[in-house]
Amino acid sequence: METLLWQVEQLPGLLAVSRSGQVRDWDPPTLDRALQWGRYFQHLHGRFRAQPRLRAALGQRLRRGQHGPPLGFGHLGRCPELLGLALLGNRALPPAACHRLLRSLLLPPSGQATPGPFGLLARRRAAAQLLLPPPSPAQARPEELEQEQSLRTEAQLLLSRLQEDEEEEEEQGPAGVLEHLPRPRVYRVLAALLLEQAGDNAGREGASWAEHREGPRPAAAVLSWLLGEPGRLSVFCRLLPGSLLVALSARYPQLGTPYLHLLTNWGSRLRYDPLSGQWTSSRCPSEDELSWEELRERFSCFMRGPAPLREAALASLKNLKIQDGDFEVCGLSVWTDLLLELGLEVGWRGK
């Protein structure tokens, strides 16, 4: 039994290696061994799923000493797909090993069980990979690619854990999982998860929140957790760039209005300095404050977004300007000055 527990404890390391630069030394036989381990872990999941005590022991060993989205027993059942998704996004994987990976995902061994949502996702990614043009080394810096892939992999692991809790009817639920994730990185992982879910559901013909439980329900749980506590939403919005938040707001309308309210709250804290002729934050700015430049950039992202978001932001700014006295003179209302600057981009003039 101790040998079995030790083997299971190696899964987090295997997943970490699969999304690291170490795979650049992998040849096809090495890849086959990694995928064989994935199938072995999947076999363990099927073998012990009906034994609560063993299942609990394996899940506890998986969570030992982890840093990032916690793994649970359900990840064993999805291990081949999780490995495949991590390796598909790792540009360090050599061409020969990548070809073997694509073949294993698109032409799985005979007798393999019907793939679940993660298996279908891995196959779609593999098929899409075949259609992509060869990547240009100059498109992005290696560290940026590695960071993006790391976030996507962590998001996939977190998605799998949330689905596992739903299937296994875990008592702690999604909120319990999210509360124990390391911050502030968890907010970037959640953004990657939400984008991933939005993209997957948009790619399904006729997809809807009710029809595809594996997609929307984890996203709904994440949004409920974020919106359930103002402090969480504030940190989430403060950490992420305005362009990403507008993209998320376009996909999840329930996020757009709270984010817009946060921006107006942050903007109301700015004070005009007549000596410098600029809007400034307090002398001891906190994490809940934005500079004038940041505020302008974030509202500019709204103006470059979809029409409903653009119109909502513009209407909010006009109303705030009226509440401040509807001045047309610079320096009296931050909203007047903001509208004047944004007017150069959106073609609006205060009237």
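Basis of the calculations
Residues numbered from 1 in each chain as written. Predicted model: local features only at pLDDT ≥ 70, side-chain atom pairs only at ≥ 80, totals over all residues. Heavy atoms only, no water. Buried < 20%, exposed > 50% of the residue type's maximum accessible area, 1.4 Å probe, protein only. Helix = DSSP H or I, 4+ residues; strand = E, 2+ residues; numbered from the N terminus. Arc of directions from axis to C-beta. Contact = heavy atoms within 4.5 Å. Patch = residues over 30% accessible without salt bridge, like charges linked within 9 Å, V, L, I, M, F, W, Y side chains within 5 Å. Areas by Shrake-Rupley, 256 points an atom, 1.4 Å probe, with all protein chains shown as cover. Salt bridge = Lys/Arg side-chain N within 4 Å of Asp/Glu carboxyl O. pLDDT = per-residue confidence, 0-100. Polar contact = N/O pair within 3.5 Å; in protein donor to acceptor, adjacent residues only side chain to side chain. Axes fitted to C-alpha atoms, helices over the stretch in contact; angles between N-to-C directions. Parallel < 35°, antiparallel > 145°, perpendicular 65-115°, else oblique. Left-handed = near helix turned anticlockwise from the far one by under 90°.

**Points about helix α4 (residues 52-62)**
Burial in α4 covers these residues: Leu58, Gly59, Arg61 and Leu62. For α4, the angular spread of the buried residues around the axis is 160°, confining them to a single face. Set apart from the buried face of α4 by more than 90 degrees, the exposed residues are Pro52, Arg53 and Gln60. In the core, the buried residues of α4 are packed alongside α1 (2-9), α2 (11-18), α3 (28-48) and α5 (74-77).

**Details of a nonpolar patch on the surface**
A cluster of nonpolar side chains, contributed by Phe327, Val329 and Leu332, occupies part of the molecular surface with about 270 Å² of accessible area. Note on placement: Phe327 falls in the loop between α17 (307-323) and α18 (334-346). Residue class for Phe327 comes out partly exposed when judged on its relative accessible area of 35%.

**Examining the confidence of the model for the chain**
Taken over all residues, the pLDDT of the chain has a mean of 78, while the share at 70 or more is 74%. Every residue in residues 126-138 scores below 50 in pLDDT, and together they form ten contacts with partners more than four places removed in sequence or on other chains. Every residue in residues 344-351 scores below 50 in pLDDT, and together they form ten contacts with partners more than four places removed in sequence or on other chains.

**Quick notes on the side chain of Lys321**
Relative to the assigned elements, Lys321 resides in helix α17. At a separation of 2.4 Å, a polar atom in the side chain of Lys321 contacts the side chain of Asp326. Apart from residues no more than four positions distant in its own chain, Lys321 is found in contact with Asp326, Phe327, Glu328, Trp335, Thr336 and Leu339.

**Observations regarding the environment of Arg232**
Along the chain, Arg232 turns up in helix α13 (residues 230-239). Each C-alpha atom of the pair Arg232 and Pro184 lies 9.9 Å from the other, and the pair is 48 residues apart in sequence. When sequence neighbours within four positions are dropped, the list of residues in contact with Arg232 reads Glu179, Arg183, Tyr187, Trp225 and Leu226. Within the structure, the side chain of Arg232 is placed 2.7 Å from the backbone oxygen of Trp225, a separation counted as a polar contact.

**Points about the packing of helix α15 (residues 253-267) against helix α16 (residues 292-303)**
One way to put it is that α15 packs onto α16 with a least axis distance of 11 Å and a crossing angle of 150°. Put simply, α15 runs roughly antiparallel to α16. As α15 packs across α16, the resulting crossing turns out to be left-handed. Across the interface between the two elements, Gly256, Tyr259, Leu260, Leu263, Thr264 and Gly267 from α15 touch Leu295, Arg298, Phe299 and Phe302 from α16.

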